[in-house]
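Take a look at the letters that make up each chain.
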Amino acid sequence: MYFNNFEEYKDQFNIYNLITLIDKNYRLVFDRCNKIFCVINIAKNNQICLNFKDFNQNIIFLLQKSRIENSYKIFNELEIFNENLNKKLIKNQIQKTGDKLHELSKIYKRLNTISIKTNKLAGDNYA
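Residues numbered from 1 in each chain as written. Predicted model: local features only at pLDDT ≥ 70, side-chain atom pairs only at ≥ 80, totals over all residues. Heavy atoms only, no water.

Draft legend 1. Looking closely at the packing of aromatic side chains. This model, assessed by the stated rule, comprises three aromatic pairs. Taken together, the ring pairs in this structure connect Y9, F30, F37 and F52 into an aromatic cluster. (Phe/Tyr/Trp six-rings, centres within 6.5 Å; stacked < 30°, edge-to-face > 60°.)

Draft legend 2. Expanded view of the sheet that holds strand β2 (residues 26–31). Taken in spatial order, the four strands make up an open sheet running β1-β2-β3-β4, and their pairing is antiparallel. The open sheet has two edge strands, β1 (6–8) and β4 (47–52), and neither has a second partner. Averaged over neighbouring strand pairs, the angle between their axes works out to 40° when direction is ignored. Relative to β2, β1 is paired through three bridges, and the arrangement is antiparallel. (Pairing = 2+ DSSP bridges. Helix = DSSP H or I, 4+ residues; strand = E, 2+ residues; numbered from the N terminus. Axes fitted to C-alpha atoms, helices over the stretch in contact; angles between N-to-C directions.)

Draft legend 3. Geometry of the confidence of the model for the protein chain. When pLDDT is averaged along the protein chain, the result is 80; 84% of the residues meet or exceed 70. Here helix α2 (residues 58–65) is the element of the protein chain with the lowest mean pLDDT, 77, and β2 is the one with the highest, 88. (pLDDT = per-residue confidence, 0-100.)

Draft legend 4. Expanded view of unusual backbone geometry. One non-glycine residue, N45, lies in the positive phi region at around 60°. Overall, N45 belongs to the exposed group, its relative accessible area being 62%. For N46, which is not glycine, the phi dihedral falls at a positive 60°. Along the chain, the position of N46 falls in the loop between β3 (36–41) and β4. You can call N46 partly exposed: its relative accessible area is 22%. (Buried < 20%, exposed > 50% of the residue type's maximum accessible area, 1.4 Å probe, protein only.)

Draft legend 5. Here's a closer look at the side chain of D31. Checked against the element boundaries, D31 lands in strand β2. Although buried, D31 forms no salt bridge, and the nearest oppositely charged side chain, R32, lies 6.8 Å from it. Separated by 3.1 Å, the side chain of D31 and the backbone nitrogen of C33 make a polar contact. Setting aside residues up to four positions removed in sequence, D31 forms contacts with N5, F6, I36 and C38. (Lys, Arg positive; Asp, Glu negative; His and termini not counted. Salt bridge = Lys/Arg side-chain N within 4 Å of Asp/Glu carboxyl O. Polar contact = N/O pair within 3.5 Å; in protein donor to acceptor, adjacent residues only side chain to side chain. Contact = heavy atoms within 4.5 Å.)

Draft legend 6. Representation of the packing of helix α1 (residues 15–22) against α2 in the model. At their nearest, the axes of α1 and α2 sit 10 Å apart, and the two run at 10° to each other. Judged by the angle between their axes, α1 and α2 are roughly parallel. Classified by chirality, the crossing of α2 by α1 is right-handed. Contacts from I15, L18, I19 and I22 of α1 reach α2 at I59, I60, L63 and Q64. Considered class by class, the residues forming the contact of α1 with α2 number seven nonpolar, one polar and no charged. (Parallel < 35°, antiparallel > 145°, perpendicular 65-115°, else oblique. Left-handed = near helix turned anticlockwise from the far one by under 90°. Nonpolar A, V, L, I, M, F, W, Y, C, P; charged D, E, K, R; others polar.)

Put into structure tokens, the structure is as follows:
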């Protein structure tokens, strides 16, 4: 990526200043090639921290939450989310298996009744 395609951007919503309050090395720039806004960290060789197309109130929240100091919280949230998802999948699979076994038992009962009736018919004819 060519860093000369970045143009520093100061907005009318004061987001530029709020971003620099989160980290003094953060800068709001406009990427002319991709036509998107970026928050870069000038202390880390213009590392891109966040990309977005339009301004909304979540930008500041996302930047604060995604800081490296908060990584353990994010990993814990992901771990809890994955555990809950896994539990839901297992519960869903158990439910589906139970439903299929119930269907199978209904079919088996019907087949068993049919075979009993055919045995009676066959027995009556050959007796």
